Amino acid sequence: MSGTSRAQLCFLLLSVTALRGHARFLDIQDNDISPEGLLSLLNSELKRELPEEFVYRRALRCLDMVAVEGQFTFTAERPQLNCAVFFIGEPSDIISIEYDSVNIDCRGGDFIKVFDGWVMKGEKFPSTQDHPLPLYERYSDYCETGVTRPIVRSSQNVAMLFFRLHQSGSSFTVTFRKLINPFPCNVVSQTPEGSFTMIIPQQHRNCSFSIIYPVEIQIGELSLGQHNDLRRSILGCAGSGDFVELLGGNGMDTSKMYPMADLCYSFNGPAQMKVGCDNTVVRMVSSGKFVNRVSFQYRLLGHQELQQMKGNSVEDVCLRA
Amino acid sequence: MKLNFLVTTVALLVAFPPPYECRAIESSSNQQATDPDGERQSPPVLARLGEEYFIRLGNRNQNSPRSPADSFPETSQYSKRALQLQLTQRLLEGKVGNIGRLDGNYALRALDSVERERRSEEPPISLDLTFHLLREVLEMARAEQMAQQAHSNRKMMEIFGK
């Protein structure tokens, strides 16, 4: 290959990788792109491999929450029969869990299972209505598929690991990574305060943004693809294929939460509401015919605000104002 | 002869378990060294439930007498201890962190350590955790994330500075 052709090919590949966001993996030494570096650009499974000294490592606890990428090892010093680890990323992340080394006795009753979502007291997030997979497919058992499928990916920014180890000395190591999700749908917020814009681009799906704190929500902009129809005002949002609802409850399952408000008309300008529940959710239902978007901010309710809401409320459900 | 004696002992222990599992565990932990401030390490009740996280918070026995040195603790230690006591109390009441709920009595499984239970047909679909504790572990994870980010930034600056 002549020098000119090679330079042109390099430039073409460089442009393509820049557009795909993989240019950071180029390895340029001595002002010359190596053939290996060129060929690696064609690999769609590029991983964000860090040098060994930059990989974060620590031991896992029986009950744990992990928000930082790295390698995590659990070693059973005694039988551990009921352990769970929560994984969480940024709203625009999905989670990848890779089994690095596993030393358990599957036949002896040990197991490691990854759940696509969070489950607490029998309630799952996302709910079965909002998740693309049926419930049985959301569990991934290492003892059944771990060897052939060592990498498990979530559908949203949260996942869980359940494990049971009978023997002292049993152990396993997993690598936790976060991958980019360009259109996040179901999200659990890491923080009690923040802002988010949820976009459903012509997809027939339901998306929920869950905040596990009592918060005040301020919706800044709502854009639903349908035209405003005054006749609908009598029926509310019933029958509307595209709407946003505010939910409050004391569990993780959005299908079991109380509707605090629903919005089925586009508008600009802040509309705010205080929801004094353990879990506050902004849920968008989309028919798939339109591009729907909702932008909102949220902040933690103070103790005094909650007390005031409690004093003003006559209902037994979560407090709202 | 020795084997027969061992088998007989195991059979008697299985047939007549100690009335209070806590007491049996307490008697073994009494032999451990006490803390420098004079308080005993509480029995590993939390460990039995597999919740190592709560042991790391502190394992003070709420029934043990407090030494005079602890009469006026610092505010942060006091609030932390109050949280620990609250967690321990609620744990013992079974309201919090009872992730073994679906598996029944943990103590019986400890006695059956010789037998291996078959892998459960049903997946462990749930974890009994309150939102309060979920937020606690979430905030710990966030603190860890920020600390790690600061550490990574420091490393990067050291590399760029060379």
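Note on numbering: residues in each chain are counted from 1, in written sequence order. Think of it this way: whatever chain is written first is A, whatever ligand is written first is 1, and the rest follow in order. This being a predicted model, a pLDDT of at least 70 is required before a residue's local features are given, and a value of 80 or more before pairs of side-chain atoms are given or counted; all residues contribute to the totals for chains, interfaces and linings. Note that water and hydrogens are dropped before the side-chain values are worked out from all heavy atoms of the structure.

For this particular structure, what's the right way to read the overall build of chain A?
Along the backbone of chain A there are six helices and 24 strands. Each residue is placed in one exposure class: buried if its accessible area under a 1.4 Å probe, protein chains only, is under 20% of its type's maximum, exposed if it is over 50%, and partly exposed if it falls in between. For chain A, the proportion of its 321 residues judged to be buried stands at 49%. The protein chains shown are the only cover counted for residues, whose accessible areas, like all others here, come from Shrake-Rupley with a 1.4 Å probe. With the model as given, the accessible surface of chain A reaches about 15400 Å², and the carbon-plus-sulfur share is 52%. We count a stretch as a helix when DSSP gives it H or I for four or more residues in a row; a strand needs E for two or more, and each element gets its number in order from the N terminus.

I'm lost on unusual backbone geometry in this one. Help?
Both trends apply: most residues other than glycine have a negative phi, and most peptide bonds are in trans. Residues and elements named next belong to chain A. Cis geometry marks the peptide bond from phenylalanine 125 to proline 126; its omega dihedral reads -10°. When you line up the elements, proline 126 lands in the loop between β10 (123-125) and α3 (135-138). Here lysine 121, not a glycine, exhibits a phi torsion of approximately 50°, which is positive. Relative to the helices and strands, lysine 121 resides in the loop between β9 (118-120) and β10.

When you look at the state of the cysteines in this model, what are you seeing that I'm missing?
Two cysteines joined by a covalent bond between their sulfur atoms form a disulfide. Residue and element names in this part refer to chain A. By disulfide we mean two sulfur atoms from cysteines, separated by a distance within 2.5 Å. This structure, assessed with the given rule, holds three disulfides over all chains. Here cysteine 106 is linked by a disulfide to cysteine 143, with a sulfur-sulfur distance of 2.1 Å. Here cysteine 106 and cysteine 143 share a disulfide; its torsion about the S-S bond, -85°, makes the bridge left-handed. With cysteine 106 in the loop between β7 (93-103) and β8 (111-115) and cysteine 143 in helix α4 (residues 142-146), the pair connects residues that are 37 residues apart, well separated along the chain. Across the disulfide from cysteine 185 sits cysteine 207; the S-S distance is 1.8 Å. A torsion of -100° about the S-S bond marks the disulfide between cysteine 185 and cysteine 207 as left-handed. With cysteine 185 in the loop between β14 (171-180) and β15 (187-188) and cysteine 207 in strand β17 (residues 206-211), this pair connects stretches of sequence that are 22 residues apart.

Quick question: what am I supposed to make of the pattern of salt bridges here?
Pairing is possible between side chains of opposite charge, provided their charged atoms come close. For salt bridges, the criterion is a side-chain nitrogen of Lys or Arg within 4 Å of an Asp or Glu carboxyl oxygen. By the definition in use, this model includes twelve salt bridges over all chains. For the salt bridge of A:Arg58 with B:Glu144, the shortest nitrogen-to-oxygen distance reads 2.5 Å. With A:Arg58 in strand β3 (residues 57-59) and B:Glu144 in helix α7 (residues 131-161), this residue pair bridges two chains. B:Glu144 matches A:Arg58 in its accessibility class, with the two residues each being buried. Connected via shared salt-bridge partners are A:Arg58, A:Arg61, A:Asp64 and B:Glu144.

Teacher, can you tell me more about the environment of A:Met257 here?
Along the chain, A:Met257 falls in the loop between β19 (243-249) and β20 (258-263). Once you skip the residues sitting within four places of it in the chain, A:Met257 turns out to touch A:Leu247, A:Gly248, A:Gly249, A:Gly251, A:Asn279, A:Thr280 and A:Val281. Here, residues are in contact when the closest pair of their heavy atoms is within 4.5 Å.

How should I be thinking about the pairing of strand β6 (residues 80-88) of chain A in this particular structure?
In regular strands, side chains alternate between the two faces of the sheet. Residue and element names in this part refer to chain A. Counted residue by residue, β6 has nine buried out of nine residues, so it is predominantly covered. The criterion for strand pairing is that DSSP finds at least two bridges linking the strands in question. Inspection of the sheet shows strand β4 (residues 63-66) paired to β6 by four bridges, in the parallel sense. Bridge pairing in β6 links leucine 63 to alanine 84. Both β6 and strand β13 (residues 158-165) contribute to a ladder of seven bridges, which runs antiparallel. In the strand pairing of β13, phenylalanine 87 is matched with alanine 159.

Just to check I follow, could you spell out the packing of aromatic side chains for this structure?
To describe a pair of aromatic rings, one takes the distance between the centres and the angle between the planes. All names here are of chain A. Note on ring pairs: Phe, Tyr and Trp rings are taken, using the six-membered ring of Trp, and paired if centres are within 6.5 Å. Classes follow the plane angle, with under 30 degrees stacked, over 60 edge-to-face and the rest tilted. If you walk through the whole model with that rule in mind, you get 13 aromatic pairs over all chains. Seen in terms of ring centroids, phenylalanine 163 and phenylalanine 172 are 4.9 Å apart; in terms of plane orientation they differ by 70°. Their pairing is edge-to-face. Assessed through its relative accessible area of 1%, phenylalanine 163 is described here as buried. Among the aromatic residues, those joined into a ring-pair cluster are Phe196, Phe209, Phe296 and Tyr298. When the NZ atom of lysine or the CZ atom of arginine is within 6 Å of a ring's centre and also within 35 degrees of its normal, the charge is said to sit over that ring. We note lysine 113 situated over the ring of phenylalanine 111; from NZ or CZ to the ring centre the distance is 5.3 Å.

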